[in-house]
Amino acid sequence: MDFPERFSNLPVATWPRLRALLDVPSRADAVINMTIGEPRHAFPAFVREALDVTMHKFAKYPENNGLPDLLDAIAGFLKRRYGLDIKPNQLLALNGTREGLYNAAMALCPETKNGKQPIILTPNPFYQVYAVAALSVGAEPVYVPATEKSGHLPDFHALPEDVLARTAIAYVCSPANPQGSVADEKYWHGLIELAEKYDFQIFADECYSEIYRDTPPPGALQIATDMGADPDRVVIFHSLSKRSNLPGLRSGFCAGGVESIARIRALRAYAGAPLPEPLQSVATAVWADEGHVVANRALYHEKYKIADDVLGDVPGYRSPQAGFFLWLPVADGEKAAVKLWQETGVRVLPGAYLSRDVRGENPGKGYIRVAMVAPKQEMQRGLTLIRDCLYD
């Protein structure tokens, strides 16, 4: 039997790779898992009631594009948060944003760009679905380093002219996973101008947008609208996973120009997996409420302070602007992760597992990613063990 070659050179996926790395005995009595970005704060109390009253809708096939009430609630969030006036035909409810980040490339990436194989740009390190989406559409993935030198955001302006001329899509994550950097208005202005010049789309992964210190991160679609850019220039992706501590609900959305959303909707009508209607009803209530988001953000403010207090004297420590990850410098991420596990029972993710080697260099090799999702006391203990084990 013949199998496709396009996925044959994928590296081992992040979590099986981590399990294999840490499949060694630990001397610690307890495990503190700081690997995965799975929020452990309480989700809104009204979720249970919202689900109870809509359970009967499990007997129905769900609305593919999103229930009207859900789209209205999402539009209300975008109006409150970014001042955007978004119509229902500019929105698509998603079964988690990973689905949308993948299928948007399937629906919107052209077969050729200026007569050549298209390029999809992705930050390096990055959320791994970006690269798989590029391979799925026959595009060439180009990994753009997001390092300390570039403010831990990809510098697309540094790319050669021939690469930009072939670029069809650029993925950007802001606030960034894993570094916690925020693309400010100047960054978005520059990138949108570049995209207008070379005629490519921007896919803005904004799933961490509601977890920040003081100033709300600007949104890509917000800036593009203010600039009067092509309405289809930017597609944004949001989720309830981090905003509302509901990763298991799988509720997200994408928003953009009418033509872009219509094309994603058309593909999804054939190949998508819409969110069940009871879960759409729950999501409607959650997107419409901001009180629990403010309370959740306050908990992360306390965690930022704990991290700064514990790790502030560590050479190279960089307090995140937003999100809930620490991107800690080490000599070698894999060796540091194994040492931590064996000596302390703390599990972290080597930065190289979120990155790709480019010309023999991996921008994540000298880092570990630490998720600040555990209860405060557990998190503080884990960070203290990290400091004492790796930096003292």
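Residues numbered from 1 in each chain as written. Predicted model: local features only at pLDDT ≥ 70, side-chain atom pairs only at ≥ 80, totals over all residues. Heavy atoms only, no water.

1. With respect to the overall build of the protein chain
To keep it simple, the criterion reads: In this description a helix means any DSSP run of H or I spanning at least four residues, a strand means any run of E spanning at least two, and both kinds are numbered starting from the N terminus. What the globule rule says is 2.2 Å times the number of residues to the power 0.38, and the radius of gyration is computed from C-alpha atoms. Contacts between residues were defined by any pair of non-hydrogen atoms, one from each residue, lying within 4.5 Å. By the counting scheme adopted, Arg and Lys are positive, Glu and Asp are negative, and His together with the chain ends is not counted. To locate a charge, take atom NZ for lysine, CZ for arginine, CG for aspartate or CD for glutamate.
Tallying secondary structure elements over the protein chain gives 14 helices and twelve strands in all. Taken against the 2.2 N^0.38 rule, which gives 21 Å for 392 residues, the C-alpha radius of gyration of the protein chain at 21 Å falls within 12% of a compact globule. Overall size of the protein chain, expressed as C-alpha extent along the three principal axes, is 55 × 55 × 50 Å. Considering only residue pairs separated by 6 or more positions, the protein chain has 78% of its internal contacts joining residues 24 or more positions apart. On the protein chain, the mean spot of the 41 positive side-chain charges and the mean spot of the 46 negative ones are 3 Å from each other.

2. Considerations on the environment of P363
Within the secondary structure, P363 is located in the loop between strand 11 (349–350) and strand 12 (367–371). Sequence-distant contacts of P363, that is, excluding residues within four places in its chain, are made with N124, P125, T147, S355 and R356.

3. Examining the packing of helix 4 (residues 97–108) against helix 10 (residues 258–271)
Between two packed helices, both the angle of their axes relative to each other and the distance between the axes serve to describe the pair. Here is the rule we go by: To obtain an axis, a line is fitted to C-alpha atoms, over the contacting stretch when the element is a helix, and the angle between two such axes runs from 0 to 180 degrees between their N-to-C directions. When an angle is under 35 degrees it counts as roughly parallel; over 145 it counts as roughly antiparallel; between 65 and 115 it counts as roughly perpendicular; any other value is oblique. For this classification, Asp, Glu, Lys and Arg are treated as charged, while Ala, Val, Leu, Ile, Met, Phe, Trp, Tyr, Cys and Pro are nonpolar and the rest, including Gly, are polar.
At a closest axis distance of 9 Å, the pairing of helix 4 and helix 10 adopts a crossing angle of 105 degrees. Here helix 4 is positioned roughly perpendicular relative to helix 10, judged by the angle of their axes. Together, E99, N103, A104, M106, A107 and L108 of helix 4 and S260, R263, I264, L267 and R268 of helix 10 make up the contact between the two elements. By residue class, the composition of the contact of helix 4 with helix 10 is six nonpolar, two polar and three charged.

The analysis is restricted to geometry; functional conclusions fall outside its scope.
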